[in-house]
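Examining the three-dimensional arrangement
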Amino acid sequence: MTEKVRTRFAPSPTGYLHVGGARTALYNFLYARRHGGTFILRIEDTDRERSEDRFTQAILDSLSWLGINWDEGPVFQSQRLDRYREAAEKLLASGEAYCDEDPEKGRAVKMRMPRRIIKVPDLVHDEIEFDASLNDDFVIIKSDGFPAYNFACVVDDADLAITHVIRGDEHLSNMPRQLVLYEALGLPAPQFAHIPMILGPDGAKLSKRHGATSVTEYHDKGFLPEALANFVALLGWSPGNDLEIMSIEDMCGLFDLSRARKNASRFDNEKLMWMNGQYLMNLPAERLAADIREYLVRKNVDLAGYDDVWMTRLAEAYRIRIKTLDDLYVAAAYVFADEIEYDPASMKKVLEKEGVLDVLSASRDILAAQDDWASDRLEERFRVFCEETGRALGKVAQPIRVAVTGSTASPPIFETLALLGRDKSLSRIDSVLKRLPTASSPE
RNA sequence: GGCCCCAUCGUCUAGCCCGGUCAGGACACAGGAUUUUCAUUCCUGCAACAGGGGUUCGAAUCCCCUUGGGGUCACCA
């Protein structure tokens, strides 16, 4: 018979959700979805010292943000103490576990490790052999009455009827202990799939010194959840063809543990950036506009006076030019600023040039005379101006661009002017005009 | 160090299980085209089977060894 698939993600609330944890959660989620199963969230809060409610909340938030939704739970281990005690009693009674008195730590319950070879079946590694006699007896109930990891994990996975445990390679060495517990408790063991770890760009275990490692940080830096989920999913798995951009829904239909790789992969920020850019380019305009608004508000940008229509235009103007929402925050800062900063190099390259004063003041007059500030009206007018004066559009656009944005790069100039609005555009050109004669006066 | 895992371009990977295509795609990088700037887009290029033994007519693919990388050795999970 084929039992109904049940998977779980079991983080401990001692920190934020790590990108590696996010991938583990995602794989468990995808595997359950793919097989019409159930995905369960369990919080392993048995370390009373380090567990914090705010981390539990942060992990829940990160999972939700990524679109990884759980069907059951969260189940808290701290609320199942009776169950662990009961299971421990059973092992104590059978003699497979015993009480261990430590003068300093107090009384704990330890499990006896048998002296034999233990074969560990694994969906990605096939079968691995461990010599259990190399392991010491291990604690199952700590002296504070809380269960130790391996014990709580086994009892819970059995109670929750988990069928597939998908977790990182770092847990491989726990397998002998866990298998011994399943056997002693008379519980059926689930199937295991140990997936390779995610390393930093330098091949060392991904850690804080590599920069951002938590989902929260990527959120803060303006990455989209779709892109991050898509990216981490591809670290250790691929659908087999050349498909790379996939929504979670797509992956739900494609994910397959038999296609999981065995070797560790490195976290390549460059590719994540590219992928985020791809999502930014293809997001529905309204959704992107909403995301941008949310991001800018989070950055304390005053958005009073900017409606959704305007925000959507901003989104359209910038989506192909940015890799993250933060890029937009930086690139479009001039829009919201009262006083803009002029990049010295841009000033020198464009404004402090022979004849620019004439072009700019002529442009200023044209703009001042324009009532219709729509970008294509502005463009029509300037095309005529260029035609009449025999100038290339670029020669006219660049001085204006630097004058109103402070730099040489921006969306198409007329769209930029339209976004900026008549007042800001004109006053910025005026102020540049005022300081220009001194700057470019003939020596 | 003991035990365990792993090994294709710089990176993510397809191909491996069921040996036989110029070892394919993507990121990055380098050229070029388009373009009012930036970017996008489109071409082109660069670049890998860790090494050594086997097995075989034939090995990236199967086996062994070496080397290299990683994980783990807690009353942390």
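Residues numbered from 1 in each chain as written. Chains lettered and ligands numbered in written order. Predicted model: local features only at pLDDT ≥ 70, side-chain atom pairs only at ≥ 80, totals over all residues. Heavy atoms only, no water.

Right, let's get into unusual backbone geometry. With an omega dihedral of 5°, the bond running from Gly73 to Pro74 counts as a cis peptide bond. Note on placement: Pro74 falls in strand 3 (residues 72–76). Notably, Asn300 is not glycine yet its phi reads approximately 65°, a positive angle. Of note, Asn300 is situated in the loop between helix 10 (285–298) and helix 11 (308–318). Residue classification places Asn300 among the exposed positions, given a relative accessible area of 71%. (Helix = DSSP H or I, 4+ residues; strand = E, 2+ residues; numbered from the N terminus. Buried < 20%, exposed > 50% of the residue type's maximum accessible area, 1.4 Å probe, protein only.)

Turning next to the packing of aromatic side chains. Geometry of an aromatic ring pair is reported as the spacing of the ring centres plus the angle between the planes. According to the stated counting rule, one finds 13 aromatic pairs in the structure shown. Relative to Phe192, the ring of Tyr182 lies with its centre 6.4 Å away and its plane at 65°, an arrangement referred to as edge-to-face. Here Phe192 lies in strand 10 (residues 191–195) and Tyr182 lies in helix 5 (residues 175–185), a separation of ten residues in the sequence. The same class applies to Tyr182 as to Phe192, namely buried. Ring centres 5.3 Å apart and planes at 70° place the aromatic pair Tyr218 and Phe223 in the edge-to-face group. Judged by its relative accessible area of 4%, Phe223 falls in the buried class. Put simply, the rings of Tyr218, Phe223, Phe231 and Phe267 pair up and form one aromatic cluster. Its end group placed over the ring of Phe138, Arg177 keeps NZ or CZ at 6.0 Å from the ring centre. (Phe/Tyr/Trp six-rings, centres within 6.5 Å; stacked < 30°, edge-to-face > 60°. Lys NZ or Arg CZ within 6 Å of the ring centre and 35° of its normal.)

Below, the discussion takes up the protein's contact with RNA strand B. If you check the shell around RNA strand B, you find 59 residues, and the closest are Lys142, Gly236, Arg261, Ile320 and Arg321. In RNA strand B, the atoms that sit within 4 Å of the protein are 71% sugar and phosphate, with bases accounting for the remainder. The contact in question runs from a base oxygen of RNA strand B to an N or O atom on the side chain of Arg401, over 3.0 Å. The contact in question runs from a base nitrogen of RNA strand B to an N or O atom on the backbone of Ser410, over 2.5 Å. (Near = heavy atom within 4 Å. Polar contact = N/O pair within 3.5 Å; in protein donor to acceptor, adjacent residues only side chain to side chain.)

Time to look at the domain arrangement of chain A. We note that the domain assignment places domain 1 (6–77 + 198–277), domain 2 (80–195), domain 3 (284–331) and domain 4 (344–435) within chain A. Taking the mean C-alpha position of each, domain 1 and domain 4 sit 47 Å from one another. (Domains from an automatic or database assignment.)

A separate point is helix 15 (residues 356–369). Along its 14 residues, helix 15 runs 20 Å from first to last C-alpha, staying within 8% of the 20 Å computed at 1.5 Å per residue. Regarding helix 15, the residues found buried are Val356, Val359, Leu360, Ser363, Ile366 and Leu367. What you see down the axis of helix 15 is that its buried residues fit within an arc of 120°, all on one side. Exposed side of helix 15, more than 90 degrees from the buried face: Asp358 and Ala369 are the residues found there. (Expected span 1.5 Å × (residues − 1). Arc of directions from axis to C-beta.)

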